[in-house]
Amino acid sequence: EAGVTQFPSHSVIEKGQTVTLRCDPISGHDNLYWYRRVMGKEIKFLLHFVKESKQDESGMPNNRFLAERTGGTYSTLKVQPAELEDSGVYFCASSQGSGSPLHFGNGTRLTVT
Amino acid sequence: DAKTTQPTSMDCAEGRAANLPCNHSTISGNEYVYWYRQIHSQGPQYIIHGLKNNETNEMASLIITEDRKSSTLILPHATLRDTAVYYCIVRPGGAGSYQLTFGKGTKLSVIP
């Protein structure tokens with residue numbers, strides 16, 4: 001069984017530019033989550049999809065971040081415009097049910113210069 | 001969510017059992033204890049979880065005290081590849097169970 005895959009693994013952009021991160025969950029997992037770790041901080045929850053619907057987006061830092069999951073399969077997380085403080089590692093996870101263990105991808109390391 | 005307390009770091013000799021403690025004295029009756037680990041440059045990896053009974057799988061064993069206020073993750077024969085940061089997380093069951101709150105974890109170093 002393929003795990004959660006994220007693309008790209010690294011991204012370096014300039015302040016003010018736009019970046020889109022992609023996550024492919026484990027096949028059959030309706031629940032998809034985004035987390036991130038910014039420099040020196042702990043891993044924090046961003047949002048949760050159940051199929052194509054946003055179940056909880058309480059962790060999204062501001063309206064420069066937009067997550068989508070059209071069709072309930074893969075998800076994208078767009079940052080527009082990127083700021084220096086957005087640098088960090090963005091993790092995607094999926095689970096079969098909302099009470100099931102989450103399985104994480106290896107993350108996208110975003111560097112904003 | 002209940003908070004957890006873990007030692008900042010631990011060492012373990014290769015081949016020996018690694019016992020990682022966690023305190024969660026404010027845990028509620030419907031909250032599960034989850035363990036994840038993060039090996040350098042990888043995403044968090046699920047290890048094991050339990051409610052009140054001890055659990056074992058191919059990776060580890062989880063021992064939860066009878067009052068549920070603390071638990072221990074046991075890696076029976078630690079290898080160098082087990083060097084990682086280990087996170088003990090208390091996660092509510094039922095509605096709202098999807099969030100995981102990561103703390104600072106325990107950095108386990110397996111020594112040759």
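The paragraphs below set out a description of the structure included in this document. (Residues numbered from 1 in each chain as written. Chains lettered and ligands numbered in written order. Predicted model: local features only at pLDDT ≥ 70, side-chain atom pairs only at ≥ 80, totals over all residues. Heavy atoms only, no water.)

What to know about the side chain of B:Glu31
All names here are of chain B.
Phase 1: Structurally, Glu31 can be placed in strand β3 (residues 31–38).
Phase 2: Here Glu31 sits buried without a salt bridge, and the closest side chain of opposite charge, Arg68, lies 6.4 Å off (N-O distance).
Phase 3: Separated by 2.7 Å, the side chain of Glu31 and the backbone nitrogen of Ser28 make a polar contact. (Helix = DSSP H or I, 4+ residues; strand = E, 2+ residues; numbered from the N terminus. Buried < 20%, exposed > 50% of the residue type's maximum accessible area, 1.4 Å probe, protein only. Lys, Arg positive; Asp, Glu negative; His and termini not counted. Salt bridge = Lys/Arg side-chain N within 4 Å of Asp/Glu carboxyl O. Polar contact = N/O pair within 3.5 Å; in protein donor to acceptor, adjacent residues only side chain to side chain.)

A few points about the sheet that holds strand β4 (residues 45–50) of chain B
Residue and element names in this part refer to chain B.
Phase 1: Overall, mixed pairing links the five strands, which are arranged β1-β9-β8-β3-β4 in an open sheet. For this open sheet the edge positions go to β1 (9–13) and β4, each flanked by a neighbour on one side alone. Within the sheet, the average angular offset between the axes of one strand and its neighbour, ignoring direction, is 25°.
Phase 2: Pairing of strand β8 (residues 84–92) with strand β9 (residues 106–111) involves three bridges; the strand directions are antiparallel. Bridging from a neighbouring strand, Ala84 pairs with Leu108 of β9. (Pairing = 2+ DSSP bridges. Axes fitted to C-alpha atoms, helices over the stretch in contact; angles between N-to-C directions.)

Quick look at the pairing of strand β3 (residues 19–24) of chain A
Residue and element names in this part refer to chain A.
Phase 1: Across the two faces of β3 the burial differs, with Val19, Leu21 and Cys23 buried and Thr20, Arg22 and Asp24 not buried at all.
Phase 2: Pairing analysis gives three bridges linking strand β1 (residues 5–7) to β3, with the strands arranged antiparallel. By the bridge assignment, Thr5 is partnered in β3 with Asp24.
Phase 3: Sheet topology note: the β3/strand β8 (residues 75–79) ladder contains five bridges and is antiparallel. Bridge pairing in β8 places Cys23 opposite Ser75.

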